[in-house]
Amino acid sequence: MASITLRGVSKSWGDVVGVSAVDLDIRDKEFIVFLGPSGCGKTTTMRMIAGLEEQTGGNILIDGQDVTDVDARDRDVAMVFQSYALYPNMSIYENIRFPLRMRNVPRQKQDAMVREAANMVELGDLLERKPKALSGGQRQRAALARAIVRHPQVFLMDEPLSNLDAKLRLSMRAQLKHIQRRLETTTVYVTHDQIEAMTLADRIVIMNKGKIQQIGTPDDVYNDPANVFVAGFIGSPPMNLIPGTIGKNGFEAPATKIKGVKGSGNVTLGVRPEDITVAKKGQSHIKSTIYSLEPTGDQTLLTVKLGNQLLVARVDRSFRQQIDTPIELAFDLERAFKFDTASGERIRS
Ligand SMILES: Nc1ncnc2c1ncn2[C@@H]1O[C@H](COP(=O)(O)OP(=O)(O)OP(=O)(O)O)[C@@H](O)[C@H]1O
Ligand SMILES: [Mg+2]
């Protein structure tokens, strides 16, 4: 069991800044997910926690102890990678046992530990096989068992599910969450998949360009985004972000007029697809025509054009209309967000 603290942690290579002044308190037993686009510094931050990469600034503490001078192998963290990294010539049993041998765990304890870890990921019947005789999902579970087997203080997982097909990813995701809750091992998990982040995390750390944008529970980052980057990154389909201006007539943008919106100047209005409804004539905020309609069974996605921008609404699953039909839409303004268009920061007034 362990807490992890990052104080002003930075990493640069010459002029290249990978991670910039990251402050973060990860609680004991917490499942933390680093989420952000490619190159935002997720893996680098994780590797610094593991001790595989030395920070160029700041401090990292595990359970209150500064680990800057502690070797990777003495940090008691276990990593799981996207690539499984199993030894092809060893059986699954030997692969899972490997970390115990490396750490000189007494031999008579090893067998029970291997079987316990294998059972936890439901590989108990496949221990004699070689990795090449397993499916992708089974290999990933073997990699997980190898991390579980020595009961480390911390799990670090870097996109562990991204090699799996969509369906398998869903079931592995649920298993992973279940196992983490049972073991209560502090976990840092890296992904660029926002659904994975939302479903797994106690708290999500959203990063962009080496900097933390927001730290919060899935509900926090969805319902109360700190800036336009977070607003646009969380949610599927993403939040509609409409650049416009606020004047004495309220908010205005192409095909869009909303009276009574407070503020002034260049403002981007953010509205989620589920907070837009088809409106009666004269009670709408948007007048446009249907650009496309995408029924998916449980919902229908309706797209209209505002100037040269598309706006997506999630409407009733039975909604059907032809393309090019005129349509009026209304926003749930209680659930709309305002952002300063120049800085991207949230405007809360
Ligand atoms: N050894 C290195 N030398 C120079 N720059 C590096 C090095 N390693 C990483 N970087 C840069 O640091 C930034 C952060 O990289 P990192 O691997 O942490 O990104 P990431 O968020 O994990 O991205 P991805 O989702 O693609 O894995 C990137 O711009 C990357 O090019
Ligand atoms: Mg990475």
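The following refers to the structure shown. Source: prediction; values computed, not measured.

Because each turn of an α-helix spans 3.6 residues, side chains separated by three or four positions end up pointing in the same direction. A rise of 1.5 Å per residue sets the reference length of helix H3 (residues 107–120), with its 14 residues, at 20 Å; its end C-alpha atoms lie 21 Å apart and thus fit the reference within 8%. The complete set of buried residues in H3 reads Val114, Ala117 and Ala118. Angularly, the buried residues of H3 cover 95° about the axis, an arc narrow enough to put them on a single face. Residues Gln108, Lys109 and Ala112 are exposed on H3 and point more than 90 degrees away from its buried face. In the core, the buried residues of H3 are packed alongside helix H2 (92–102) and helix H4 (136–148). Glu122 sits one or two residues past H3 and shows a positive phi near 60°.

The geometry of H2 relative to H4 is characterised by a closest axis approach of 7 Å and an angle of 30° between their N-to-C directions. One element, H2, and the other, H4, form an angle in the roughly parallel class. Of the two possible hands of crossing, H2 and H4 adopt the one that is right-handed. For the pair H2 and H4, contact is made by Ile92, Asn95, Ile96, Phe98 and Pro99 and by Ala142, Ala145 and Arg146, respectively. When grouped by side-chain class, the residues that make up the contact of H2 with H4 number six nonpolar, one polar and one charged.

The next thing to look at is the environment of Thr289. In this structure, Thr289 sits in strand E16 (residues 286–295). Here Thr289 falls in the partly exposed class, since 14 other C-beta atoms lie within 10 Å of it. With 36 residues separating them in the primary sequence, Thr289 and Thr325 have C-alpha atoms 5.3 Å apart. In contact with Thr289, not counting residues within four places along its chain, are Val304, Asp324, Thr325, Pro326 and Ile327.

This part is about the site of ligand 1. Every residue lining ligand 1 is accounted for by Trp13, Val16, Gly18, Gly36, Ser38, Gly39, Cys40, Gly41, Lys42, Thr43, Thr44 and His192. For the shell around ligand 1, the secondary-structure elements that each account for two or more residues are strand E2 (16–26) and helix H1 (42–50). In terms of residues, the shell around ligand 1 owes the most to one element, H1, which gives three residues. In terms of residue class, the shell around ligand 1 is made up of three nonpolar, eight polar and one charged.

What follows covers the nonpolar core. The biggest cluster of nonpolar side chains holds 85 residues, and the ones touching the most others in it are Val33, Ile49, Ala145, Leu156 and Val205. Here the element with the most residues in this core is H4; it accounts for six residues. Residues in contact with Val33, not counting those within four places in the same chain, are Tyr189, Thr191, Ala197, Leu200, Ala201, Ile204 and Val205.

With that out of the way, let us pick up the sheet that holds strand E6 (residues 77–81). Here we have six strands laid out as an open sheet, ordered E6-E7-E8-E3-E9-E10, and mixed in their pairing. At either end of the open sheet lies a strand with only one pairing partner, and these are E6 and strand E10 (211–216). On average, adjacent strands in this sheet sit at an angle of 15° to one another, irrespective of strand direction. Pairing between E6 and strand E7 (residues 154–158): five bridges, direction parallel.

Let us now look at the packing of H4 against helix H5 (residues 166–183). Interaxial distance between H4 and H5 falls to 11 Å at its minimum, and their mutual angle equals 15°. Taken together, the axis directions place H4 and H5 in an arrangement best described as roughly parallel. Note on packing geometry: the crossing formed by H4 with H5 is right-handed. Residue-level contacts link Gly136, Gly137, Gln140 and Ile148 of H4 to Leu168, Met172 and Leu183 of H5. Of the residues in the contact of H4 with H5, the class split is four nonpolar, three polar and no charged.

Conventions adopted
- Residues numbered from 1 in each chain as written.
- Chains lettered and ligands numbered in written order.
- Predicted model: local features only at pLDDT ≥ 70, side-chain atom pairs only at ≥ 80, totals over all residues.
- Helix = DSSP H or I, 4+ residues; strand = E, 2+ residues; numbered from the N terminus.
- Expected span 1.5 Å × (residues − 1).
- Buried ≥ 20, exposed ≤ 12 C-beta atoms within 10 Å, placed from the backbone.
- Arc of directions from axis to C-beta.
- Contact = placed C-beta atoms within 7 Å.
- Axes fitted to C-alpha atoms, helices over the stretch in contact; angles between N-to-C directions.
- Parallel < 35°, antiparallel > 145°, perpendicular 65-115°, else oblique.
- Left-handed = near helix turned anticlockwise from the far one by under 90°.
- Nonpolar A, V, L, I, M, F, W, Y, C, P; charged D, E, K, R; others polar.
- Near = placed C-beta within 6 Å.
- Core = buried A, V, L, I, M, F, W, Y, C linked by C-beta atoms within 7 Å.
- Pairing = 2+ DSSP bridges.

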